Amino acid sequence: MLSRTADHLFWLSRYIERAENTARMLDIAYQTSLQPQSQDEAAQTWRSQLSISELDALYAKGYDKADSRSVMQFMVADENNLSSIFCCLRAARENARAVRGALTTEVWETMNQTWLEFRKLLKGDWQRDPGTLFEWVKYRSHLSRGVTVGTMLQDEAFHFIRIGSFLERADNTARLLDVKFHRDPGSQATSETDSARDFYYWSAVLRSVSGFEIYRKVYSNVIQPEKVAELLILRPDMPRSLSHCITRMVANLKRVANAQSAETLRQAGRLEASLAFGRIDEILETGLHPFLEDFLMKVGGLGQGISRDFLV
């Protein structure tokens, strides 16, 4: 396969996944903002969305304060923010158009229709009920993924799409978990109010990754942060866990391996093994935040390695 085609397929899937995960992060912030809290706490909640995505500096150039309306506008519809849902869906559609011949008709039509419908939604008053918009973005991402798996030949094109999806999902699941530490660093629940707030926060995290029912099925008890972390980091049977994403990414990477990709595959295998044989008590002992920072650095390195080995 031409490296340019592989590049378009890889980033097509990453942009779709990034749009979905941006919607998931904003949905947590929006639901958290509906709880009783001070103005400072509310502002910190929205600033955390910018910090975890490393967009503080860019946001400061166009907006004066971090409130719900401004941050959602910036993260959803701002054309100057290349990580906004608007820019991600536009880029996904453009990448799909560039490799139209490598996609099935169903995949292309799904991508194109998603972009056209999203532009119509932005013309309405979507901020009156942003939760509905976030659910729509997640649904269209599910639809795109389902059509890809259900209609495409499982050749190199398919594998590059899947590599992009799982790499981006792993990165964003880690960022979702790490939002807590940007939002409220070093905090501990010291009262019943704090405990209740933590319960609703972690419930929102689970719901944002479609994991609330899965948590209940696996653990059958009240929501505990360490159990949420274990589910989203180490459970190989949880579709959005770090372990599952890296395992599936490595499996697809092996299918397209070439003479130059040995080192990238080795690094990916080491990360896969560390998650497969990791223990949550050891991770928590060393600190969840440092663990997630290290994981994000390694995922970034894998992305660079894949670009160097396969892409333009």
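Source: prediction; values computed, not measured.

(A) Focus on the overall build of the protein chain. Counting its regular elements, the protein chain contains 15 helices and 0 strands. The C-alpha atoms of the protein chain give 19 Å as radius of gyration, which agrees with the globular expectation for 312 residues (20 Å, within 12%). Along the first, second and third principal axes, the C-alpha atoms of the protein chain reach 60 × 50 × 35 Å. By residue count, 52% of the 312 residues in the protein chain fall in the buried class. In the protein chain, once contacts between residues fewer than 6 apart in sequence are set aside, the share between residues at least 24 apart is 66%. Total accessible area on the protein chain stands at roughly 14,600 Å², and carbon and sulfur atoms take up 50% of it. A distance of 5 Å separates the average location of the 39 positive side-chain charges in the protein chain from that of its 40 negative side-chain charges.

(B) View of the environment of Tyr219. Its place among the elements puts Tyr219 in helix α10 (residues 212–219). Note on Tyr219: relative accessible area 14%, which makes it buried. Once the C-alpha coordinates of Tyr219 and Leu231 are considered, the two residues, 12 residues apart in sequence, prove to be 9.4 Å apart. Engagement of the side chain of Tyr219 in a polar contact is seen with the side chain of Glu230, the distance being 2.7 Å.

(C) Representation of the packing of helix α12 (residues 242–255) against helix α13 (residues 262–276) within the structure. For the pair α12 and α13, the least separation of the axes is 9 Å and the interaxial angle reads 150 degrees. In terms of orientation, α12 and α13 fall into the roughly antiparallel class. The handedness of the crossing between α12 and α13 comes out as left-handed. Across the interface between the two elements, Leu242, Ser243, Ile246, Thr247, Met249, Val250, Leu253 and Lys254 from α12 touch Thr264, Leu265, Ala268, Gly269, Leu271, Glu272 and Leu275 from α13. Residues belonging to the contact of α12 with α13 are distributed by class as follows: 9 nonpolar, 4 polar and 2 charged.

(D) Expanded view of unusual backbone geometry. A positive phi angle is found at Glu54, which is not glycine, with a value near 60 degrees. Summarising the element assignment, Glu54 is placed in the loop between α2 (39–52) and α3 (56–62). Classification of Glu54 as exposed rests on a relative accessible area of 63%.

(E) Focus on the pattern of salt bridges. Tallied over the entire structure, the rule returns 20 salt bridges. Between Lys138 and Asp27 there is a salt bridge; the shortest N-O distance is 3.9 Å. On the criterion of sequence distance, the pair formed by Lys138 in helix α7 (residues 130–151) and Asp27 in helix α1 (residues 3–33) is long-range, its members being 111 residues apart. For the pair Lys138 and Asp27, a shared accessibility class is recorded, and that class is buried. For the salt bridge of Asp237 with Arg235, the shortest nitrogen-to-oxygen distance reads 2.7 Å. Several salt bridges share partner residues, and in doing so they unite Glu17, Glu20, Arg24, Arg145, Arg169 and Arg240 into one network.

(F) Just the side chain of Gln49, in detail. Within the element layout of this structure, Gln49 appears in helix α2. Beyond its immediate chain neighbours, meaning those up to four positions away, Gln49 contacts Met25, Leu26, Ala29, Val71, Met75 and Val179.

Rules used throughout
Residues numbered from 1 in each chain as written. Predicted model: local features only at pLDDT ≥ 70, side-chain atom pairs only at ≥ 80, totals over all residues. Heavy atoms only, no water. Helix = DSSP H or I, 4+ residues; strand = E, 2+ residues; numbered from the N terminus. Rg over C-alpha atoms; globule rule 2.2 N^0.38 Å. Buried < 20%, exposed > 50% of the residue type's maximum accessible area, 1.4 Å probe, protein only. Contact = heavy atoms within 4.5 Å. Areas by Shrake-Rupley, 256 points an atom, 1.4 Å probe, with all protein chains shown as cover. Lys, Arg positive; Asp, Glu negative; His and termini not counted. Charge placed at Lys NZ, Arg CZ, Asp CG, Glu CD. Polar contact = N/O pair within 3.5 Å; in protein donor to acceptor, adjacent residues only side chain to side chain. Axes fitted to C-alpha atoms, helices over the stretch in contact; angles between N-to-C directions. Parallel < 35°, antiparallel > 145°, perpendicular 65-115°, else oblique. Left-handed = near helix turned anticlockwise from the far one by under 90°. Nonpolar A, V, L, I, M, F, W, Y, C, P; charged D, E, K, R; others polar. Salt bridge = Lys/Arg side-chain N within 4 Å of Asp/Glu carboxyl O.

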